[in-house]
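So you can see what is in the structure, the chains are spelled out below.
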Amino acid sequence: MHLIIPAEHAGKRLDQSLAELLPDYSRNRIQQWIDAGSVRIDGAAATRKGKVWGGEAVELHPAEHPSEQPYKAEAIDLDIVHEDDAVIVINKPPGLVVHPGAGNWEGTLLNALLHHCPALEQIPRAGIVHRLDKDTSGLLVVAKTLTAQTALVRALQARDVKRVYWAVAMGVFEHAEGGVDAPIGRHPIHRTRMAVVDNGKPARTDYRVLKQYRQAAWVECRLHTGRTHQIRVHLTHIGHPLVGDSLYAGRRQVTVSFHRQALHAYRLGFSHPLTGADVEWEAAMPEDFRSLIEALEHEC
């Protein structure tokens, strides 16, 4: 791109001037171009803080942002629990991001799916129907056709997909089972978090204590809705944040060390989009989760 700085921009910083001249791009994006050496002013390398005085010739060679490029297929191992002509059921390990996004444009489940099944390039989001947080392990389903994806999305919206999780939550539960029916939305101050807020979307989680330990409890959680961070937010809301949850537990800790939120999607069931039959799978407890349970047992 070639631009001439207008006279009325005299005295402005280069990045400010370019942000006004190129409203389709954010100022942060333009600063990244300048820092990468992709912007020259009157033939010389530019700096973002350099001022312009009008009449300068600006030449830009902007690199495409990862979000604007086709997602790449990558050879990443997948633990496939089941696969047929319509669906793939995957046991996701902790640490694997499901969908590319800021800071994680490669090395995701989506990249792995494109390598495993190249035809998924023709399906929105490579067939991904629902997500798990990066550090949550367990089962999720991927659709291999548009028809299957539509059917599964509708089933999720109708709350006809069975999703059951194991969690280890801090503290002693007053009741052996219960439910949290509270709307979830973006935290009004901490924008990276979700929270129970009056104007949030309806959300319900049922829980059952499988085993109460001295510092924490092994809990089974059943989702009726699928809001972002739902189990983590709902259990925090009733005073029982997940062990290892650095986002929601704050400084609260147990004596047993665990380096991710203790959450595992262990059961998944739905009506098969091809056959109509009710199908269900379970994923064994990951080794780190098992070790956490054993450590808590030994403290009793």
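Structure: above.
Because the structure is predicted, anything quoted here is derived from the model rather than measured.

(A) Main features of the pattern of salt bridges. All told, the structure shown has 17 salt bridges when counted by the stated rule. Residue Glu280 is joined to Lys162 by a salt bridge in which the shortest nitrogen-to-oxygen separation is 2.9 Å. Of this pair, Glu280 sits in strand E15 (residues 278-282) while Lys162 sits in strand E8 (residues 162-170), and the two are 118 residues apart along the sequence. Using a relative accessible area of 39% as the deciding quantity, one classes Glu280 as partly exposed. The exposure class assigned to Lys162 is partly exposed, which follows from its relative accessible area of 31%. A salt bridge links Asp206 to Arg204; the nearest nitrogen and oxygen atoms lie 2.8 Å apart.

(B) Spotlight on the sheet that holds strand E3 (residues 44-45). The sheet built from four strands is open, its strands ordered E1-E4-E2-E3 with antiparallel pairing. A single partner strand is all that each edge strand has here, and the edge strands are strand E1 (2-4) and E3. The pairing of E1 with strand E4 (residues 57-60) spans three bridges and is antiparallel. By the bridge assignment for E4, Leu3 is matched with Val58. Contacts between helix H1 (residues 14-21) and the sheet are confined to E1, strand E2 (39-41) and E4, with E2 contributing the most and set at about 110° to the helix.

(C) Examining the pairing of strand E7 (residues 137-143) more closely. Burial analysis of E7 places seven of its seven residues in the buried class, which makes it a mostly covered element. In terms of strand pairing, strand E6 (residues 87-92) meets E7 through six bridges, oriented antiparallel. Following the sheet pairing, Asn91 is matched in E7 by Leu139. Sheet analysis places E7 next to strand E14 (residues 263-271), joined by two bridges and oriented parallel. Its bridge partner being in E14, Gly138 is matched across the sheet by Ala265.

(D) Main features of the nonpolar core. Counting 33 residues, the largest nonpolar core has Leu113, Leu120, Val142, Tyr165 and Cys221 as its most contacted members. Residue contacts for Leu120: discarding those within four places in its chain leaves Ile88, Leu113, Leu114, Ala126, Val142, Ala143 and Lys144. Formed by 19 residues, the second largest nonpolar core is a distinct cluster that contains Met170, Ala249, Val256 and Met285.

Reading the values: the criteria
Residues numbered from 1 in each chain as written. Predicted model: local features only at pLDDT ≥ 70, side-chain atom pairs only at ≥ 80, totals over all residues. Heavy atoms only, no water. Salt bridge = Lys/Arg side-chain N within 4 Å of Asp/Glu carboxyl O. Helix = DSSP H or I, 4+ residues; strand = E, 2+ residues; numbered from the N terminus. Buried < 20%, exposed > 50% of the residue type's maximum accessible area, 1.4 Å probe, protein only. Pairing = 2+ DSSP bridges. Contact = heavy atoms within 4.5 Å. Axes fitted to C-alpha atoms, helices over the stretch in contact; angles between N-to-C directions. Core = buried A, V, L, I, M, F, W, Y, C linked by side-chain atoms within 4.5 Å.

Read these as layout, nothing more, since geometry by itself doesn't imply function.
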